[in-house]
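Take a look at the letters that make up each chain.
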Amino acid sequence: MDTGAGNDRDLAGEAETWQRLHAILLRLTPDLADEPGYFAEGWTAKDAVAHIGTWMAEGAQQLRQIAAGTYREGELDVDGANARFLATMRDVPLETVHVQASAARYQLLRAWHELPELTPEARFWVRKAGPDHVQEHLPRLEEWVDVLSGRA
């Protein structure tokens, strides 16, 4: 989705951040993606990508609630959502996780661009679920995929 330079709806670095994530996905095979070690708690690279994608989907939902006037701050249990997202996506194949993350990114950007007003809550959610969140995970994900690739 084109965000155009100078637009109030620009998300600085979003496209570049997404391209870095996409490049990681292209390096993963299903076997490598399911290798525990991304986090000490046993997360895999696929779990990390699924986590990113499910939060993008959640962000799109929150932005739609903001647009509809039904958003209520603080109603989301982040730790509970993380646990649910992990359990739901754990057995999903890598290819589906990749497609889900791509679709969720599209929905997040679409919901952002369709907002009638850019409220502080909307700005929070697009950054939280979008580029800031992806950027938070990229260094470790890139490092882990380098380790996995060296083993292959």
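Predicted, not measured: the structure shown is a model, and the values here were computed from it. (Residues numbered from 1 in each chain as written. Predicted model: local features only at pLDDT ≥ 70, side-chain atom pairs only at ≥ 80, totals over all residues. Heavy atoms only, no water.)

## So, the overall build of the chain
If you tally the helices and strands in the chain, you get 7 helices and 0 strands. Reading the chain from its N end, one meets helices and strands in the order α-α-α-α-α-α-α. Dimensions of the chain, computed from C-alpha atoms along their principal axes, come out at roughly 50 × 35 × 20 Å. Taking all 152 residues of the chain together, 43% fall into the buried category. In the chain, of all internal contacts separated by at least 6 residues, the share reaching a separation of at least 24 is 80%. Accessible area of the chain: about 8000 Å², with a carbon and sulfur share of 52%. When the 15 basic and 25 acidic side-chain charges of the chain are each reduced to a single mean position, those positions are 1 Å apart. (Helix = DSSP H or I, 4+ residues; strand = E, 2+ residues; numbered from the N terminus. Buried < 20%, exposed > 50% of the residue type's maximum accessible area, 1.4 Å probe, protein only. Contact = heavy atoms within 4.5 Å. Areas by Shrake-Rupley, 256 points an atom, 1.4 Å probe, with all protein chains shown as cover. Lys, Arg positive; Asp, Glu negative; His and termini not counted. Charge placed at Lys NZ, Arg CZ, Asp CG, Glu CD.)

## Concerning the environment of M56
Within the secondary structure, M56 sits in helix α3 (residues 45-68). Here the alpha-carbon distance between M56 and P131, two residues 75 residues apart in the chain, equals 9.4 Å. The residues touching M56, leaving out its near neighbours within four places in the chain, are W18, A101, A104, R105, L108, A129 and V134.

## Some details on the nonpolar core
Membership of the largest hydrophobic core comes to 45 residues, with the highest contact counts inside it found for L21, L28, L63, W112 and L141. Looking at this core, the elements that each hand over two or more residues are α1 (14-27), α2 (30-33), α3, α4 (78-89), α5 (94-114), α6 (120-129) and α7 (131-151). If one sorts the elements of this core by residue count, α3 sits on top with 10 residues. Not counting the four nearest positions on each side in its chain, L28 is found in contact with A33, A45, L94, V145 and L148. (Core = buried A, V, L, I, M, F, W, Y, C linked by side-chain atoms within 4.5 Å.)

## A look at the environment of Y38
Within the secondary structure layout, Y38 lies in the loop between α2 and α3. The spatial distance from the C-alpha of Y38 to the C-alpha of V147 is 9.9 Å, given a sequence separation of 109 residues. If we skip the residues at most four places from it in the chain, Y38 touches W43, T44, A45, A48, H137, R140, L141 and W144. A distance of 2.8 Å separates polar atoms of two side chains, one belonging to Y38 and the other to H137. (Polar contact = N/O pair within 3.5 Å; in protein donor to acceptor, adjacent residues only side chain to side chain.)

## Looking at the side chain of T44
Looking at the element boundaries, T44 is found in the loop between α2 and α3. A distance of 3.3 Å separates the side chain of T44 from the backbone nitrogen of K46, its partner in a polar contact. Within the structure, the side chain of T44 is placed 2.9 Å from the backbone nitrogen of D47, a separation counted as a polar contact. Each residue touching T44, except ones within four places of it in the same chain, is listed here: A33, D34, E35, P36 and Y38.

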